[in-house]
Amino acid sequence: QVQLVESGGALVQAGGSLSLSCVASGRTGSIYHTGWFRQAPGKEREFVAAVSWSGDVYYADSVKGRFTISTDNTKTTMWLQMNSLKPEDTAVYYCAASTYITLYYVSTKYDYWGQGTQVTVSS
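Thresholds, definitions, all that
- Residues numbered from 1 in each chain as written.
- Predicted model: local features only at pLDDT ≥ 70, side-chain atom pairs only at ≥ 80, totals over all residues.
- Heavy atoms only, no water.
- Buried < 20%, exposed > 50% of the residue type's maximum accessible area, 1.4 Å probe, protein only.
- Helix = DSSP H or I, 4+ residues; strand = E, 2+ residues; numbered from the N terminus.
- Pairing = 2+ DSSP bridges.
- Axes fitted to C-alpha atoms, helices over the stretch in contact; angles between N-to-C directions.
- Phe/Tyr/Trp six-rings, centres within 6.5 Å; stacked < 30°, edge-to-face > 60°.

One non-glycine residue, S84, adopts positive backbone phi at about 50 degrees. Residue classification places S84 among the partly exposed positions, given a relative accessible area of 41%. At L103, a position not held by glycine, the phi torsion is positive, near 60 degrees. With respect to the helices and strands, L103 occurs in the loop between strand 9 (91-98) and strand 10 (112-113). When its relative accessible area of 27% is taken as the criterion, L103 is described as partly exposed.

Taken together, the 6 bridges between strand 1 (residues 2-7) and strand 3 (residues 18-26) define a ladder with antiparallel strand orientation. Within the sheet, the bridge partner assigned to Q3 lies in strand 3 and is S25. Note: strand 3 against strand 8 (residues 77-82), 6 bridges, orientation antiparallel. Among the inter-strand pairings, C22 is bridged to a residue of strand 8, identified as M78.

Moving on, we come to the sheet that holds strand 7 (residues 67-71). Strand order in the open sheet formed by 4 strands is 1-3-8-7, with antiparallel pairing between adjacent strands. Looking at the sheet topology across the chains shown, the edges are occupied by strand 1 and strand 7. The average angle at which neighbouring strand axes cross in this sheet is 15 degrees, direction not considered.

Across all of its chains, the model carries 9 aromatic pairs by this definition. Here F47 and Y104 contribute two aromatic rings whose centre-to-centre distance is 5.7 Å and whose plane-to-plane angle is 65 degrees, an arrangement assigned as edge-to-face. With F47 in strand 5 (residues 46-52) and Y104 in the loop between strand 9 and strand 10, this pair connects stretches of sequence that are 57 residues apart. Since its relative accessible area comes to 12%, F47 is described here as buried. Between Y110 and W113, the aromatic rings sit 6.0 Å apart at their centres with planes inclined by 55 degrees, giving tilted as the arrangement. Classification of Y110 as buried rests on a relative accessible area of 4%. The partly exposed category is assigned to W113, whose relative accessible area is 25%.

See below:
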């Protein structure tokens, strides 16, 4: 089992920046992808960004150029740096870990999830 604990959510103004962090423990050696998803009220959970063990990085089009995902060498810590925040970025953000080699963008293929942290961007 893998446990994930994320933090860093806050209320920020549009155009501002925020950094989220996620710490993993347990059987982290089985993780292939780590990533971030978000879910706004009444919306489906949405892929935000992911990084593979080999360093491949993926971003949703909606955040590309504004968000940066990073991990340490063992994927025990993960960060999401969010810049130029927009009101539509408002959501609960979840860090997640997957044992799948592919399907990094599919939330249902992730095995482990944090409890979520609220990011609110005021308009």
